[in-house]
Amino acid sequence: MIKFYFSTVFAMIFCLQWTFSQNIIESSPTVITHDYELIRFQIPQSEFQSVKLLIHVEVDEAYKVKDEFLSIMMKNQHGEMPEYVEFARIYLPYLFAKVTVNYEIDMVLWQNWLRKDEKIYIQASDKSTKYNTKAGLVFEEGPAPFKVKDIIPLWQSNSNGFEYGKAGIDGTLLPTQNIKLPSGCNSAFASILVSGNQSGQNASGRFYFLKHNGNEIARRSVWRDDCGLNPLFPQQHEWYLERPNWCPGLQVHPINHFLDMTSMKPDELNLDLVFQSDQTETSGIDAFVISSVLFALEVPAQVPQLAISEILAPNTNSWHQRYNPICGTPVILVQNRGLETIEEITFNYGYNYQTDNKFRWVGELGFMEEEIIYLPSINWYFYENDDEPENFTVHVSSLNGSVNGFSGAKKTSEMILADVLPYKLKFDIVTDHNGFQNGLEIFNDNGDPFFISGDLKPDTMYQFQLNFVPGCYEMIFYDLDGNGVKLNNNLPVLRILDQKKNTELKRFEPDFGTEIREQFMIFR
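From a predicted model like this one, the values you see are computed outputs, not experimental measurements. (Residues numbered from 1 in each chain as written. Predicted model: local features only at pLDDT ≥ 70, side-chain atom pairs only at ≥ 80, totals over all residues. Heavy atoms only, no water.)

Trainee: Hey, could you go over the nonpolar core for me, with residue numbers and the actual values?
Mentor: Membership of the largest hydrophobic core comes to 48 residues, with the highest contact counts inside it found for Leu53, Ile72, Phe87, Met107, Trp110 and Ile120. When neighbours within four sequence positions are excluded, methionine 107 is seen to be in contact with Val51, Lys52, Leu53, Met74, Phe87, Leu114 and Ile120. Formed by 31 residues, the second largest nonpolar core is a distinct cluster that contains Phe162, Ala203, Val222 and Ile290. (Core = buried A, V, L, I, M, F, W, Y, C linked by side-chain atoms within 4.5 Å. Buried < 20%, exposed > 50% of the residue type's maximum accessible area, 1.4 Å probe, protein only. Contact = heavy atoms within 4.5 Å.)

Trainee: Give a description of the environment of serine 125 that names residues and reports values.
Mentor: Here serine 125 is to be found in the loop between strand 8 (119–124) and strand 9 (131–141). Overall, serine 125 belongs to the buried group, its relative accessible area being 15%. The spacing of serine 125 and asparagine 158 is 33 residues in sequence and 8.8 Å in space, taken between C-alpha atoms. In this view, serine 125 contacts Glu68, Phe69 and Ser159; residues no more than four positions away in its chain are not counted. Separated by 2.5 Å, the side chains of serine 125 and glutamate 68 make a polar contact. (Helix = DSSP H or I, 4+ residues; strand = E, 2+ residues; numbered from the N terminus. Polar contact = N/O pair within 3.5 Å; in protein donor to acceptor, adjacent residues only side chain to side chain.)

Trainee: Tell me what's going on with the confidence of the model for the chain, and back it up with residues and numbers.
Mentor: Looking at the chain as a whole, the pLDDT averages 88, with 90% of positions reaching at least 70. Averaged pLDDT values over the elements of the chain bottom out at 40 in helix 1 (residues 8–11) and peak at 98 in strand 32 (residues 494–498). A low-confidence stretch, residues 3–21 stays under pLDDT 50, and its non-local contacts, those more than four residues away or across chains, total 70 contacts. (pLDDT = per-residue confidence, 0-100.)

Trainee: Pulling in residues and values, what's your account of the sheet that holds strand 29 (residues 449–452)?
Mentor: The strand order across the open sheet built from 5 strands is 26-34-31-28-29, with neighbouring strands paired in mixed fashion. Strands with a single pairing partner mark the edges of an open sheet, and in this sheet they are strand 26 (419–420) and strand 29. Direction of pairing for strand 28 (residues 438–444) relative to strand 31 (residues 471–479): antiparallel, over a ladder of 7 bridges. Residue pairing in the sheet places leucine 440 in a bridge with phenylalanine 477 of strand 31. (Pairing = 2+ DSSP bridges.)

Trainee: Please give an account of the pattern of salt bridges that cites residues and values.
Mentor: Across all of its chains, the model carries 16 salt bridges by this definition. For the salt bridge of aspartate 106 with arginine 337, the shortest nitrogen-to-oxygen distance reads 3.4 Å. Remark: arginine 337 occurs in the loop between strand 20 (331–336) and strand 21 (342–351) and aspartate 106 occurs in strand 7 (residues 99–106); sequence separation between them is 231 residues. Under the relative-accessibility criterion, aspartate 106 is labelled partly exposed at 23%. On the basis of relative accessibility, which here comes to 12%, the residue arginine 337 falls in the buried class. With a shortest N-O distance of 3.1 Å, arginine 224 and aspartate 226 are connected by a salt bridge. For the residue pair arginine 224 and aspartate 226, the accessibility class agrees, reading buried in each case. Each of Asp428, Arg495, Glu504 and Arg507 takes part in one network of salt bridges that share partners. (Salt bridge = Lys/Arg side-chain N within 4 Å of Asp/Glu carboxyl O.)

Trainee: How would you summarise the packing of aromatic side chains if you had to cite specific residues and measurements?
Mentor: All told, the structure shown has 29 aromatic pairs when counted by the stated rule. Ring centres of phenylalanine 87 and tryptophan 110 lie 5.5 Å apart, and the angle between their planes is 40°; this geometry places the pair in the tilted category. Within this pair, whereas phenylalanine 87 is found in strand 6 (residues 84–91), its partner tryptophan 110 is found in the loop between strand 7 and helix 2 (111–117), the two being separated by 23 residues in sequence. Each member of the pair, phenylalanine 87 together with tryptophan 110, is buried. Ring centres of phenylalanine 146 and phenylalanine 367 lie 5.9 Å apart, and the angle between their planes is 80°; this geometry places the pair in the edge-to-face category. Residue phenylalanine 146 is found in the loop between strand 9 and strand 10 (147–156), and its partner phenylalanine 367 is found in the loop between strand 22 (357–365) and strand 23 (370–374); the two are separated by 221 residues along the sequence. Each member of the pair, phenylalanine 146 together with phenylalanine 367, is buried. Through a chain of ring-to-ring contacts, three or more aromatic side chains come together here, namely Phe87, Trp110, Trp113, Phe146, Phe189, Phe258, Phe295 and Phe367. A cation over an aromatic ring shows up here: arginine 89 above the ring of phenylalanine 69, its NZ or CZ 5.6 Å from the ring centre. Arginine 322 extends its terminal NZ or CZ atom over the ring of phenylalanine 233, reaching a point 3.9 Å from the ring centre. (Phe/Tyr/Trp six-rings, centres within 6.5 Å; stacked < 30°, edge-to-face > 60°. Lys NZ or Arg CZ within 6 Å of the ring centre and 35° of its normal.)

Trainee: Run through the sheet that holds strand 23, naming residues and quoting values.
Mentor: Pairing between the strands of a sheet is mediated by backbone hydrogen bonds and can be parallel or antiparallel. Taken in spatial order, the 3 strands make up an open sheet running 19-20-23, and their pairing is antiparallel. At either margin of the open sheet sits one strand with a lone partner, and together these are strand 19 (306–313) and strand 23. Neighbouring strand axes in the sheet, compared pairwise and without regard to direction, differ in orientation by 25° on average. Relative to strand 23, strand 20 runs antiparallel, the two being bridged by 5 bridges. Counterpart to valine 331 in the pairing with strand 23 is tyrosine 374. (Axes fitted to C-alpha atoms, helices over the stretch in contact; angles between N-to-C directions.)

Trainee: Explain unusual backbone geometry residue by residue, including any values.
Mentor: A cis geometry characterises the amide bond from methionine 81 onward to proline 82, with omega recorded as -5°. In this fold, proline 82 is placed in the loop between strand 5 (69–75) and strand 6. Omega for the bond connecting phenylalanine 233 with proline 234 falls within 30 degrees of zero, at -5°, which places this linkage in the cis form. Following the sequence through the fold, proline 234 ends up in the loop between strand 15 (215–221) and strand 16 (255–258). Backbone geometry at asparagine 213 places phi at a positive 50°, although glycine is not the residue there.

Trainee: Which residues make up the state of the cysteines, and what are the values?
Mentor: On inspection of all chains with the given rule, the structure shows 2 disulfides. Cysteine 227 shares a disulfide with cysteine 247; S-S distance 2.0 Å. Disulfide cysteine 227-cysteine 247: torsion about the S-S bond near -90°, hence left-handed. With cysteine 227 in the loop between strand 15 and strand 16 and cysteine 247 in the loop between strand 15 and strand 16, this residue pair connects regions lying 20 residues apart in the sequence. (Disulfide = S-S within 2.5 Å.)

Here's what the structure looks like:
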């Protein structure tokens, strides 16, 4: 079984998978007011089982590479400061020319605020940045997975962030939050949207600590080490470098911390956010941009709720191009949206709306926890019978051994199959001065190594001739530094050729970041 390992952060970049039960609301023409871009919607007053904000961002070709972002906000429905609450943040890509990038932001938790005000505000961190946006909502009517009793703003900086230095962040900027939870609330979590502003390219991660009544209840590093797997590639300006919790062209993923309601008094919640000090001033971070809220929820007890958040593979969406197309194991992302711990899930899945494959997952998934699940491979070789699939569907048929009493979860994605290649192949590789950081590995559909190149030498051209038996294979060419291969002669770093005809079948450019993955099939 071929398995590819997804960053859970990238997995949360939701792609545009619409089903027949979903509806789309277009926004009214955008209006620029007080440095904000105002987007209006006319929203039904019915409850949404799911709702996502679609934003199409077009960056002007004159845009200079800078560490800039767009803040996506709503008006504070408590009528107090801060006036606007940022719920999403998108960093602009380091791309070469005028480009449009499509983003999708899950708003199921924010739907009450959205229904009240029907407005979204967008602000660029640099007011001189030229960009255009279009927006829409895609929603599915039905009971929400739980009631959001309140959204309580905690700490929020402006786009410049809170200054960071030897002592961390000044405590007056992050005052203690004294919170009283609303009646009926039986679950709550703090959601922290945070990223760092840095003056140079060399920065290092720092921690924050979340405290309740002076006692530490959580700590997290504000850092991303997976920018080399960015699905938007190649880009300019060392796009693959690690950064303080952001990557060029990607959303900042909020960090959630659930409160233990069994040991806390709902009318005596005192929360503090404290950042690790930088005594030696070596972090390279000038400020942290912060937006944090507390979600107070009323969740039905003992009602299993599972959402299939995403089909990661197979999927034709460009956000998943690094891991698609496939001929191996399908991969999905699920989330428990009920208080009852999920210990068993039965999935039915297949292609072209046929779900005659079945898999039983066993584990432990707590409330709001996510899991990437690898489904056993389907026999894709029906392709020989001119029955190539166009879509993939997966649904849940039982939770915790019961087929009744839970809300069904179903998702469909568009797909194409991995290419069929001849059984005699040639792999041409060019290394740079750090060739010892590179390697070629090929695995069969059981996940067993079929070929491993071993150590490669710097500034060398390699040619590997391999004969394959029928099956599904995955090729991985990697760079341990995560910055691709630096070639000065415009050569591709890797080519796959037909041995017999000596013709090129595929080529891969050197600015790939951490790895190149390619699945392919060999027939009889």
